[in-house]
Each structure stands twice: as structure tokens, then as C-alpha cells.
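Chain by chain, the residues:
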Amino acid sequence: MEINFGKLLGLVALSVALVTAVDASAAISLTGPSAGVVARPASTFAVLYDQTDSAASDSITSQDFESAEDAKDNQAADDFVIPAIDGAWTINEVYVPGAYWNGTGPAPTVNVYFYQDAGGLPGAQVYSATGLVPTDASGTFTIALTSPAVLTAGTWWVSVQARMDYSVGGQWGWTQRTVQSNSPSAWINPADGFGTGCATWGARLSTCGVGADVDLLFRLDGSVGTIAAATPTLVPTVNQWVLMLLGLSVIGIGAWGLRRH
């Protein structure tokens, strides 16, 4: 029997490629290392909300993968409260401690979303900024919002998602927090590729079983109130100029008359 070594080598190469693809997908995990000690960077904006204390020992996935891994696309989110006395916040910057695993990154871009609160979970999306290039310190992101998010008093949710191909940079995760503030953090995997049952938003730890700690680390920077409208520059009209000159003339004549007396 004649052996076609060309076809044989082709089949071997195809088998290796298939096994590699399956292994790559299987290696995508829900958790990875922590960001470690968080050094809060200075900001040109005021700190509006800060829960970057009590870092946990690992991070949880929040990533938009390449199309071949769409089933694993997922998002994490955590909530915060804008006090009634503040009226509104203009959020210019989002700071999120995180880390890379199964690769070293870096994430070329990130997505930032804000949601209304719906009974302790993210509700309607009210803000979306995709394709933002973060300042990246080994997975800890400082994200400048090119269009600030303006939110009124109440409870809101923020979600940060890395946009990175697993085959290129591996995985990015958002570092957990051991202390809970407000509602527990939430998580979603729309195609349920991880098999958690969280194809819609669910409490990340108690419902989805993702991670080991209940909250996430993040900070919001900006200003209290909405962006003030620019004060218009008033330019006198021709009639106004005439009246002003006539007024000055009257004052001048009056002063001349007083000096004569």
C-alpha cells in the first residue's frame, strides 16, 4: 500500500490545529491573579467615589474576546450612589485595578458602560464608550472618558470590559474587593459559554459563582454637578455703542460746566 506522506502530514497538522484551538478555548478561565497593592494615582479631577481599599487575592474576567471566542464574552459591574445633596456628577475618569493572566496583554482598548439600577442589578444602559485607550499599569487601568458621563443623584452601575483577543494577549480581569459596599457586584455572560447560567445580569458571587469575594475595586473622578455652560461674551450692538458715547459726552459736558463755575 502506497502512503501519501503529503496527505498524512496535512492531517497531522490539521489535528494539531484543532487540538490547540480546543485547548485555547478551554484555558479561558473565570479568575486570575490580583492587581496586588493598589497605588492610587493622582488625578486632575476630584475624587467622586472610591472603593479601592480591601483588595482581594484574585481578579475576575470582564473581557470582549475575538469572534472565535464570542461565547466567552462577559462583563462585570459594580454599583455606586450619587448623594441627593450633590445633585449630579460629571464623571471624567474611571480607575480600575486589574491584572493579566494566560498572557501579558496589554489590552489595546477598553469599553466603559453605565447602567441604571434595577433592584440591585444593572438595568437600562445610559452611557457607552467603546474603544477607549487606557493608561495601563500591568492591567490596572486609568480610563479617560472622551465624553464625560453626567449622572443625576441615585444608584448607578459602572462596567469596565477589556477588548482583547485571547490568542494575542490572554486574559484581563478586574480585581475583587473583600468588603461589600451597596449591592454585591454583578456579572453577565450573554452566550453562557462558561456554563454559569448567567446569560443575563446576576449577582456575581452568589448567583453566577464567579470569584470568591463579593465586590470590585474602582474609583470615579470628575466634578460635582453638570458641566457648566460657557458664559457668553457680550458684544455691544451699534445702538448700545451710540448710547454709551452719548452718556459719556453728557458726563463730560457736565464736568466741564462744574469747573467753569
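Residues numbered from 1 in each chain as written. Predicted model: local features only at pLDDT ≥ 70, side-chain atom pairs only at ≥ 80, totals over all residues. Heavy atoms only, no water.

### Structural notes on the pattern of salt bridges
Piece 1. Considering all chains together, one arrives at five salt bridges under this definition.
Piece 2. Notably, a salt bridge pairs Arg-163 with Asp-165, separated by 2.7 Å at the nearest N-O pair.
Piece 3. The salt bridge involving Arg-177 is made with Asp-215; its shortest N-O contact spans 3.9 Å. With Arg-177 in strand E13 (residues 171-177) and Asp-215 in strand E16 (residues 215-216), the pair connects residues that are 38 residues apart, well separated along the chain.
Piece 4. We classify Arg-177 as buried; its relative accessible area is 5%.
Piece 5. Here Asp-215 falls in the buried class, since its relative accessible area comes to 0%. (Salt bridge = Lys/Arg side-chain N within 4 Å of Asp/Glu carboxyl O. Helix = DSSP H or I, 4+ residues; strand = E, 2+ residues; numbered from the N terminus. Buried < 20%, exposed > 50% of the residue type's maximum accessible area, 1.4 Å probe, protein only.)

### What about the confidence of the model for the protein?
Piece 1. Mean pLDDT over the protein stands at 85; residues scoring 70 or higher make up 77%.
Piece 2. Scored below 50 in pLDDT, residues 8-23 shows one contact in the model against residues more than four places distant or in partner chains.
Piece 3. With pLDDT under 50 throughout, residues 228-238 is counted as low confidence; its partners more than four residues away or in other chains account for two contacts. (pLDDT = per-residue confidence, 0-100. Contact = heavy atoms within 4.5 Å.)

### Some details on the pairing of strand E12 (residues 154-163)
Piece 1. Where burial is concerned, most of E12 is hidden: seven out of the ten residues are buried.
Piece 2. For strand E4 (residues 63-64) and E12, the ladder comprises two bridges, and the chain directions are parallel. Looking at E12, one finds that Gln-63 is bridged to Ala-162.
Piece 3. Direction of pairing for strand E5 (residues 75-82) relative to E12: antiparallel, over a ladder of five bridges. When the bridges of E12 are listed, Ile-82 appears paired with Gly-154.
Piece 4. Direction of pairing for strand E8 (residues 109-117) relative to E12: antiparallel, over a ladder of eight bridges. (Pairing = 2+ DSSP bridges.)

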